[in-house]
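# Examination of the molecular architecture
Below are the chains, spelled out letter by letter.
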Amino acid sequence: MSAIEIAVLPVGGMGTRFLPATKSVAKELLPVVDRPLLQYAVDEARAAGIEQFVLITARGKASLADYFDVAGELVQTLAERGKTQELEVLAAAQLPPGAVMTVRQQQPLGLGHAVWCARNIVGRRPFAVLLPDELLWDPAAPCLKQMVEAHARLGGNLVATMEVPAEETHRYGIVSPGRSDGLITEVRGLVEKPAPGTAPSRLAVVGRYILEPEVMDELGKGRRGAGGEIQLTDAMAELIGRQPFHALTFTGKRFDCGDKSGHVIANVALALERPDIGPAVRAWLAANPA
Ligand code: G1P
């Protein structure tokens, strides 16, 4: 099916922006409407044909592995009560046995270090990385599915990008672009969180990657970058010129759910799309203009 079999999901962050909720709930389990953020990322990867998932967790985040377990008592109770709709919701979210593997990132040394923690499971295969904070929404053409299809043609490394306002480029990995062909742009360079006014473009990396295994070798060198952290962007930059490297511009909706306002907006936007609750939310918004 897909040439990309495995996805790495870095989910070790403390979620300080969502305190106090994240004292006891992992931020990746915060819902957008009724599905945890992590489930959106997993479903996007499944839509791309990926069937193996590596969660890079951390101390205090065992609930993330629990989430993918079969909730036996719950299933039994729902079955006894004839709650077929709820059982279908659970079944749709359930991954088969052995699909989820977890690795602890023992120290918070950066996104690059988190990805490197998956090296023994990934092996020498190309792999996907999804940052679940970024909810990329296009049910007709999920971002990672587009990337897997592009990777089948182009090979090498791929990042998803979107244009951001010039005053926000310092918050992202930014692409130095080469030639473009439709939604595909050649990547000539990559810089992590460039100082304001120094970004080579407004094309920001938005949390979806397909990477060749050589990136693990670069990450293994442990070089520190922006913020003193081991940056995925820096390891990827080392591969430019050695392997094909492209950006795919995502044209769907993007919600930065690592940010409170982004998370609230995602809830409103996705609620409005839902036939069950959309009308009520729309009516409230109409009756309560800002
Ligand atoms: C990370 C990456 C950055 C990317 C961003 C997308 O940064 O390091 O290159 O643009 O995710 O959300 P973070 O948001 O973890 O600081």
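Here, residues in each chain are numbered from 1, in the same order as that chain's written sequence. At least 70 in pLDDT is required for a residue's local features to be given in this predicted model, at least 80 for side-chain atom pairs to be given and counted, and no such filter applies to totals for whole chains, interfaces and linings, which use all residues. As a rule here, side-chain values cover all heavy atoms of the structure and leave hydrogens and water aside.

### Concerning the site of the ligand
Where we set the bar: In this text, near means that some heavy atom of the residue lies within 4 Å of the molecule or strand in question. Any N or O atom pair separated by 3.5 Å or less is treated as a polar contact, with the protein-specific requirement of one donor-capable and one acceptor-capable atom, and with residues adjacent in sequence counted only for side-chain atom pairs. Note on areas: Shrake-Rupley with a 1.4 Å probe; residue coverage comes only from the protein chains shown. Asp, Glu, Lys and Arg are counted as charged, while Ala, Val, Leu, Ile, Met, Phe, Trp, Tyr, Cys and Pro are counted as nonpolar; the rest, among them Gly, fall into the polar class.
Taken together, L111, L131, E134, Y172, G173, E192, K193, V205, Q231 and T233 form the complete shell of residues around the ligand. G173 places a main-chain nitrogen or oxygen 2.9 Å from an oxygen atom of the ligand. Separating an oxygen atom of the ligand from a side-chain N or O atom of K193 is a distance of 2.7 Å. Here the ligand loses 73% of its free accessible area of 380 Å² to cover by the protein chains. Within the shell around the ligand, the residues separate by chemical class into four nonpolar, three polar and three charged.

### Focus: the packing of helix α3 (residues 72-80) against helix α4 (residues 84-93)
Our working rule: For every element, the axis is a line fit to its C-alpha atoms; helices are fit only across the contacting stretch, and the angle between N-to-C directions ranges from 0 to 180 degrees. Strands here are runs of E lasting at least two residues and helices are runs of H or I lasting at least four, both read from the DSSP assignment and numbered beginning at the N terminus. Relative orientations are named as follows: roughly parallel for angles under 35 degrees, roughly antiparallel for angles over 145 degrees, roughly perpendicular for angles from 65 to 115 degrees, and oblique for any other angle. Each crossing gets its handedness from the near helix: less than a right angle anticlockwise from the far helix is left-handed, clockwise is right-handed. Note on definitions: a residue-residue contact is assigned when non-hydrogen atoms from the two residues lie within 4.5 Å.
At a minimum axis distance of 8 Å, the contact between α3 and α4 shows a crossing angle of 150°. In terms of orientation, α3 and α4 fall into the roughly antiparallel class. The handedness of the crossing between α3 and α4 comes out as left-handed. Only E86, L87 and L90 of α4 make contact with α3, whose side of the interface consists of L74, V75, L78 and A79. In terms of residue class, the contact of α3 with α4 is made up of six nonpolar, no polar and one charged.

### Structural notes on the packing of aromatic side chains
Filter applied, for reference: Between the rings of Phe, Tyr and Trp (Trp by its six-membered ring), a pair exists once the centres lie within 6.5 Å; its type follows the angle of the planes, with under 30 degrees stacked, over 60 edge-to-face, and the other angles tilted. For every residue, the accessible area (1.4 Å probe, protein chains only) is compared with the maximum for its type, and the residue is labelled buried under 20%, exposed over 50%, or partly exposed between those bounds. Only lysine NZ and arginine CZ atoms are considered, and such an atom sits over a ring when it is within 6 Å of the ring centre and within 35 degrees of the ring normal.
Scanning the model with the defined rule gives two aromatic pairs in all. Taking 5.9 Å as the distance between ring centres and 75° as the angle between the ring planes, the aromatic pair formed by Y40 and W137 counts as edge-to-face. Remark: W137 occurs in strand β7 (residues 134-137) and Y40 occurs in helix α1 (residues 37-47); sequence separation between them is 97 residues. On the accessibility criterion, Y40 (9% relative accessible area) is buried. Both rings, one in Y67 and one in F68, keep their centres 5.0 Å apart while their planes meet at 80°; by these two values the pair is edge-to-face. Its relative accessible area of 28% is what places Y67 among the partly exposed residues. The ring of Y40 has R35 lying over it, and the distance from NZ or CZ to the ring centre is 4.1 Å. Sitting above the plane of the W116 ring, R119 keeps its charged end 3.7 Å from the centroid.

None of the figures reported here should be taken as evidence of function without further support.
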